[in-house]
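Structural overview for review
Each chain, letter by letter, is given below.
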Amino acid sequence: MLALAAALGTAAYQAGERLAGTGGGAVVTAATGTVPDGGALYAASCAGCHGADAGGALGPALRASAAWSGADFTQAVLEGRTPDGRTLGAVMPRFATAGLDGAPPTQAQLDALHAYLKTLP
Ligand code: HEC
């Protein structure tokens, strides 16, 4: 019962965040419609393992992979395969099946994440 209450509370909180426009990994701009917020997506889904500044923690620093092509970065995040042919350890989620922000990641979300990582020093 407690767990159910907690789950409902979390869902309500997330719904509230979405309504308020502060969560869910998206910001709305007049010029472009809904653009995924790479920084918010990173903070919610990646920072816990790769560090707040992507400098590495449980997972490696993402400086090197930020420089990969969009297709290579997408493949690593979705399927856990790197451009040099490595299969990433199972700790790294396969976001194609794990989902990002509650649903399979869209290419726009992946592009936003990748672009955000490139802005980090
Ligand atoms: C539960 C922990 C965890 C989460 C959450 C996580 N990762 Fe990882 N990630 C790892 C670990 C551990 C590795 C290293 C695996 C290996 O080398 O075998 C890794 C590896 C990677 C790599 C390959 C880096 C390289 O240079 O080889 C990329 C890219 C990556 N993660 C991106 C992401 C992104 C983007 C997110 C969020 C959408 C994310 N990860 C979320 C744990 C995590």
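All figures in this text were calculated on a predicted structure; none of them were measured in a lab.

This part is about the coordination of the iron atom of the ligand. For the iron atom of the ligand, the full set of protein donor atoms is His50 (NE2) and Met92 (SD), and the range of their distances to it is 2.0 to 2.1 Å. Coordination geometry of the iron atom of the ligand: the six donor atoms subtend angles of 88 to 179° at the metal centre, consistent with an arrangement described as octahedral. Highlighted residues: histidine 50 in helix H3 (residues 47–50) and methionine 92 in the loop between helix H5 (70–79) and helix H6 (95–98), separated in sequence by 42 residues. A relative accessible area of 10% means that histidine 50 is categorised as buried.

We now examine the confidence of the model for the protein. The share of residues in the protein with pLDDT of 70 or more is 73%, and the mean pLDDT across the chain is 83. Predicted confidence is poor over residues 8–23, with pLDDT under 50, and the contacts of this stretch with residues over four places away or in other chains come to five contacts.

This part covers helix H7 (residues 107–119). Over its 13 residues, H7 extends 19 Å from the first C-alpha to the last, a length consistent with the 18 Å expected when each residue adds 1.5 Å. Looking at H7, one finds that the buried residues are Gln109, Leu110, Ala112, Leu113, His114 and Leu117.

Attention now moves to the site of the ligand. Cys46, Cys49, His50, Gly89 and Met92 are the nearest of the 21 residues found near the ligand. One nitrogen or oxygen atom from the side chain of histidine 50 is found 2.8 Å from a nitrogen atom belonging to the ligand. Between the ligand and the protein, one listed contact pairs an oxygen atom with a side-chain N or O atom of arginine 86 at 2.7 Å. If you list the elements that add at least two residues to the shell around the ligand, you get H3 and H5.

Below, the discussion takes up the pattern of salt bridges. Under the definition given, this model contains two salt bridges. Here arginine 86 ties to aspartate 84 by a salt bridge, and the two come within 3.4 Å at their closest N and O atoms. A residue is classified by how much of its surface remains accessible, and arginine 86, at 43% relative accessible area, is partly exposed.

Time to look at the nonpolar core. Grouped together as the largest cluster of nonpolar side chains are 16 residues, with contacts concentrated most on Tyr42, Leu113 and Leu117. Contributions of two or more residues to this core are made by helix H2 (38–45), H5 and H7. Aside from chain neighbours lying at most four places away, what touches leucine 117 is Tyr42, Ala54, Leu62, Ala66 and Phe73.

A positive phi angle, close to 60°, is found at alanine 54, a residue other than glycine. Classification of alanine 54 by relative accessible area gives buried; the value is 4%.

What counts, and at which threshold
- Residues numbered from 1 in each chain as written.
- Predicted model: local features only at pLDDT ≥ 70, side-chain atom pairs only at ≥ 80, totals over all residues.
- Heavy atoms only, no water.
- Donors = N, O, S within 2.8 Å, 3.2 Å for Na, K, Ca; no water.
- Tetrahedral: all angles 85-135°; square planar, octahedral: opposite > 155°, others 65-115°.
- Helix = DSSP H or I, 4+ residues; strand = E, 2+ residues; numbered from the N terminus.
- Buried < 20%, exposed > 50% of the residue type's maximum accessible area, 1.4 Å probe, protein only.
- pLDDT = per-residue confidence, 0-100.
- Contact = heavy atoms within 4.5 Å.
- Expected span 1.5 Å × (residues − 1).
- Near = heavy atom within 4 Å.
- Polar contact = N/O pair within 3.5 Å; in protein donor to acceptor, adjacent residues only side chain to side chain.
- Salt bridge = Lys/Arg side-chain N within 4 Å of Asp/Glu carboxyl O.
- Core = buried A, V, L, I, M, F, W, Y, C linked by side-chain atoms within 4.5 Å.

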